Amino acid sequence: MKNIFFLFKKEFKSYFVSPIAYVVISIFLVICGYFFYRDLVYFSILSLQAGYDSSLQSSVNINELILRPLFSNMGFVLIFLVPLLTMRVFSEEKKLGTLELLLSYPVSDIGVIAGKFTASLGVLLIALGITSVFPIILFILGEPETGPIISGYLGLILMGISFLCVGIFFSALTENQIIAATATFGTLLLFWAIGWSSIFVPGTLGKILSEISIFNHFNNFAKGIIVTSDLSFYIISSLIFLYLTNIILQQRAWKS
Amino acid sequence: MIKVEGLTKYYGQIRGIEDVTFTIKEGEIVGLLGPNGAGKTTTMRILTCLFPPTRGKAEIAGLNILENPIEVKKLIGYLPETTPLYLDMSVLSYLMFVAEIKGIKRKDRKRKVEEVVEVCGIENVKRRLIGKLSKGYKQRVGLAQALLGNPPVLILDEPTIGLDPKQTFEFRQLIKDMQGKRTIILSTHILPEVSMTCQRVIIINKGKIIAQDTPDNLAFQLQKSYKICAKIEGPPEKIVERLKDIEGIKDIKVEKKIDDKKFEYVINAENLNIAKDIASCTVKSGWGLFEIRPLSMGLEDIFVNLVTEEKTE
């Protein structure tokens, strides 16, 4: 357990020694900031109009008009940025050959994966943590509901974790960081978009497509609804990809 | 300290090593010698628990590498072939990380890191980024991480590759100084390195051990007779003819001409005592004897001989 912490510490530091963490966090905040500003302006225009037109008043809801689209957009932006965080996790170690040395220390394969996973999660939590400034601004300006904010962040964290696990898996597959990032991005985008086509596919296949869609499961969190199946989806998919990463690490026996 | 029995490793259909068996005593320095692709690195990687063998077993200090990999790793300091290091870390922060992950107690970490920094001569570069260091210093950092935690077993894969002659000399001295204190397996294809640092040699070729003994014993086993070198002044035809008559001399040939009258001869004899008879015969015949000495087989000869024998078979 201690070794996982030491690995976490080393990996976490290395994110900030290179410009990766700064670039990823900054771009994430700029894009999310833009979405927040856009929705805030839209909300203020709508609330002004609602002052003159009482029929509009029921549809002017701060959570529905600002926070829900913001969470969805943040989730979508993560699809682009998480691959940049995870691409080097194992690829770089493989390319430099440091994985061989790391695995010769008294630490298990699972310990190595856990240390690296928690470090990338740490960076992600920092990025998401800074975005809490948006709800704080809303609390200053109005009275948003707390429940959907908590569920939205819970959804973002869970979805982020599953994204990280997919990224770490692809990073373990190749020593080329570009390939790792591209494969992660492609997979995440596919599983995000797959839900859109589910409405055109009838029967069981449509249901399956809807069930494996990252977006559909996240949508409930953004709405403020926490459903066990959505929680299980993210937890199980994360565990599957971590398990696959472990298998890839053990396969070094054949590749060496 | 290290016991390896029937160790076999196949990468799919390709044989890495087969039926490798050896034991290494505590404090012994053993050279693992072989041409490229012989299976040296595979053997070392199995011993460091990097991957399991297909068959066979290996024990370090009585611990099975498959049953107790974490405990085994605690006993080993490993320096891989290419000295892979984290280039974006400073020497000190990297060694501190290694000290942490090797389980060195918090209060001892700094002191132990400083100790290996001093032993490996990297004091003047300890605050620099590893990526900015020369190959020689990187190699020293690699050795420093292997020595951290004072592991009783050191596994060094081609440790002097890329070092300049001075660094190589210092490195070999460092290894020699550890004799009796640590058990060391050192893989190399630089033969003088083995002669200088190792007490015993394991020669491996095409995944199989073809010989293991001290360099001297290997030389005798291969030569199957003793060689004597003599520098004699006199007519070479007559000298060869006369010396051939001495009992116990199997063969004699003129090795090289030193000057118009002086020649060097290599004599194959049943034992080294025959040198006395050669000296006596030469003097009695009125020829000048300038030098007579036993000729031992160098490690290069042993290695080439063994590997060539293997190929012929």
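Keep in mind the model is a prediction, meaning the values are calculated, not measured.

Cut-offs applied
- Residues numbered from 1 in each chain as written.
- Chains lettered and ligands numbered in written order.
- Predicted model: local features only at pLDDT ≥ 70, side-chain atom pairs only at ≥ 80, totals over all residues.
- Helix = DSSP H or I, 4+ residues; strand = E, 2+ residues; numbered from the N terminus.
- Rg over C-alpha atoms; globule rule 2.2 N^0.38 Å.
- Contact = placed C-beta atoms within 7 Å.
- Domains from an automatic or database assignment.
- Pairing = 2+ DSSP bridges.
- Axes fitted to C-alpha atoms, helices over the stretch in contact; angles between N-to-C directions.
- Nonpolar A, V, L, I, M, F, W, Y, C, P; charged D, E, K, R; others polar.
- Buried ≥ 20, exposed ≤ 12 C-beta atoms within 10 Å, placed from the backbone.
- Core = buried A, V, L, I, M, F, W, Y, C linked by C-beta atoms within 7 Å.
- Arc of directions from axis to C-beta.
- Parallel < 35°, antiparallel > 145°, perpendicular 65-115°, else oblique.
- Left-handed = near helix turned anticlockwise from the far one by under 90°.
- pLDDT = per-residue confidence, 0-100.

Participant: Just to check I follow, could you spell out the overall build of chain A for this structure?
Facilitator: Check the secondary structure of chain A and you find 13 helices and zero strands. In sequence order, chain A lays out its α and β elements as α-α-α-α-α-α-α-α-α-α-α-α-α. In summary, chain A has a C-alpha radius of gyration of 20 Å against a globular reference of 18 Å for 256 residues, a match within 12%. Dimensions of chain A along its principal axes, counting C-alpha atoms only, are 70 × 45 × 30 Å.

Participant: So what exactly am I meant to see when it comes to the overall build of chain B here?
Facilitator: In terms of helices and strands, chain B carries 11 helices and 14 strands. Taking 2.2 N^0.38 as the reference for a compact globule, 313 residues should give roughly 20 Å; the C-alpha atoms of chain B span a radius of gyration of 25 Å, well beyond that estimate. Projected onto its principal axes, the C-alpha coordinates of chain B cover approximately 80 × 45 × 30 Å. A sequence separation of at least 24 residues applies to 67% of the contacts in chain B between residues at least 6 apart.

Participant: Which parts of the structure should I look at to understand the domain arrangement of chain B?
Facilitator: Often, the extent of an interface is quoted as the loss of accessible area on bringing the components together. Parsing chain B into structural domains produces domain 1 (2–220) and domain 2 (225–295). A straight line from the C-alpha centre of domain 1 of chain B to that of domain 2 of chain B covers 45 Å.

Participant: Whenever I open this one, the sheet that holds strand β3 (residues 29–33) of chain B confuses me. Can you help?
Facilitator: Each strand in a sheet pairs with its neighbour through backbone hydrogen bonds, running either in the same direction (parallel) or in the opposite one (antiparallel). Residue and element names in this part refer to chain B. Across the sheet, six strands lie side by side as β6-β7-β8-β3-β9-β10; this open sheet has mixed pairing. Each having just a single partner strand, β6 (76–79) and β10 (208–213) make up the two edges of the open sheet. For this sheet, the mean angle separating the axes of adjacent strands, direction not counted, is 15°. Relative to strand β9 (residues 200–205), β3 runs parallel, the two sharing four bridges. Each bridged residue has a counterpart across the sheet, and for V30 the counterpart in β9 is R200.

Participant: Before we go on, may I ask you to explain the pairing of β10 of chain B in this structure?
Facilitator: On a regular strand, each side chain points to the face opposite its neighbour's, so the side chains alternate between the two faces of the sheet. One ladder, built from five bridges, connects β9 of chain B with β10 of chain B; its direction is antiparallel. When the bridges of β10 of chain B are listed, I202 of chain B appears paired with Q212 of chain B.

Participant: How should I be thinking about the interface of chain A and chain B in this particular structure?
Facilitator: Taken together, the contact between chain A and chain B spans 22 residues of the former and 23 residues of the latter. Elements with a contribution of two residues or more to the side of chain A that touches chain B: α1 (2–17), α5 (98–102) and α13 (252–255) of chain A. The class makeup of the residues in the side of chain A that touches chain B is 11 nonpolar, eight polar and three charged.

Participant: How should the pairing of strand β8 (residues 183–188) of chain B be read in this particular structure?
Facilitator: Residues and elements named next belong to chain B. Across the six residues of β8, six count as buried, placing the element largely inside the fold. On β8, burial covers both faces: T183, I185 and S187 on one face and I184, L186 and T188 on the other are all buried. Where strand β7 (residues 153–157) lies against β8, five bridges are found, and the strand directions are parallel. Directly across from V153, in β8, lies its bridge partner T183.

Participant: How do you make sense of the environment of I27 of chain A when you look at a structure like this?
Facilitator: Residue and element names in this part refer to chain A. Within the element layout of this structure, I27 appears in helix α2 (residues 20–52). Judged by the 15 C-beta atoms lying within 10 Å of it, I27 is partly exposed. The spacing of I27 and V77 is 50 residues in sequence and 9.4 Å in space, taken between C-alpha atoms.

Participant: Is there a simple way to explain unusual backbone geometry in this structure?
Facilitator: Note: most residues except glycine have negative phi, and most peptide bonds are trans. Residues and elements named next belong to chain B. Its identity as a non-glycine residue notwithstanding, D19 has a phi of 55°, on the positive side. For D19, the position within the fold is in strand β2 (residues 14–24). D19 sits in the partly exposed class, given 13 other C-beta atoms within 10 Å. One non-glycine residue with positive phi stands out, namely A61, at about 50°.

Participant: When you look at the environment of I150 of chain A in this model, what are you seeing that I'm missing?
Facilitator: Residue and element names in this part refer to chain A. Following the sequence through the fold, I150 ends up in helix α8 (residues 146–173). Overall, I150 belongs to the partly exposed group, with 14 C-beta atoms counted inside 10 Å. Through-space distance from the C-alpha of I150 to that of S59 is 22 Å; in sequence the pair is 91 residues apart.

Participant: I'm lost on the nonpolar core in this one. Help?
Facilitator: Soluble, globular proteins show a tendency: their nonpolar side chains are buried together. Among the nonpolar cores identified, the biggest contains 136 residues, and Y94, L95, A144 and I155 of chain B are the most heavily contacted of them. Here this core gets 12 residues from one element, more than from any other, and that element is α8 of chain A. With near-sequence residues (within four places) excluded, Y94 of chain B lies in contact with L85, Y86, M89 and I130 of chain B. Grouped together as the second largest cluster of nonpolar side chains are 13 residues, I228, A230, F263 and I274 of chain B included.

Participant: Quick question: what am I supposed to make of the sheet that holds strand β13 (residues 262–269) of chain B here?
Facilitator: All names here are of chain B. Strand order in the open sheet formed by four strands is β12-β13-β11-β14, with antiparallel pairing between adjacent strands. Edge positions in the sheet fall to β12 (249–257) and β14 (288–295), since each has one partner strand and no second. Direction aside, the axes of adjacent strands within the sheet are offset by 20° on average. With seven bridges connecting them, β12 and β13 associate as antiparallel partners. By the bridge assignment, I252 is partnered in β13 with I267. Helix-sheet contacts for helix α9 (residues 236–244) involve β11 (226–233), β12 and β13, and the interaxial angle to β12 is about 160°. The sheet contacts of helix α10 (residues 274–284) involve β11, β12, β13 and β14, and relative to β14 the element is tilted by about 170°.

Participant: Can you help me understand helix α11 (residues 214–223) of chain A in this one?
Facilitator: Owing to its 3.6 residues per turn, the α-helix aligns residues three or four sequence positions apart on the same side. Residue and element names in this part refer to chain A. Of all the residues in α11, the buried ones are I214, F215, H217, F218, F221 and A222. Here the buried residues of α11 occupy an arc of 160° about the axis, which is enough to place them on one side. Just past α11, the residue G224 takes up positive phi, approximately 100°.

Participant: Looking at this structure, I do not really get the packing of helix α6 (residues 109–130) of chain A against α8 of chain A. What am I missing?
Facilitator: Residue and element names in this part refer to chain A. Following both chains from N to C, one finds α6 and α8 inclined at 140°, their axes separated by 10 Å at the closest point. Taken together, α6 and α8 sit at an angle that is classed as oblique. Read as a crossing pair, α6 and α8 show a hand that is right-handed. Across the interface between the two elements, K116, F117, S120, L121, L124 and L128 of α6 pack against Y153, L156, I157, G160, I161, L164 and I168 of α8.

Participant: Would you take a moment to explain the confidence of the model for chain A for this structure?
Facilitator: Detailed reading of predicted coordinates is not advised where the pLDDT is low. Residues of chain A with pLDDT of at least 70 account for 98%, and the chain-wide mean is 89. The secondary structure element of chain A with the lowest average pLDDT is α13 of chain A, at 53, and the one with the highest is α6 of chain A, at 95.

Participant: Would you explain the confidence of the model for chain B in this entry?
Facilitator: Residues and elements named next belong to chain B. Per-residue confidence for chain B averages 86 on the pLDDT scale, and 91% of its residues sit at or above 70. The secondary structure element of chain B with the lowest average pLDDT is helix α11 (residues 299–312), at 63, and the one with the highest is helix α3 (residues 91–101), at 94. Model confidence for the complex is summarised by a pTM of 0.80, with the ipTM given as 0.83.

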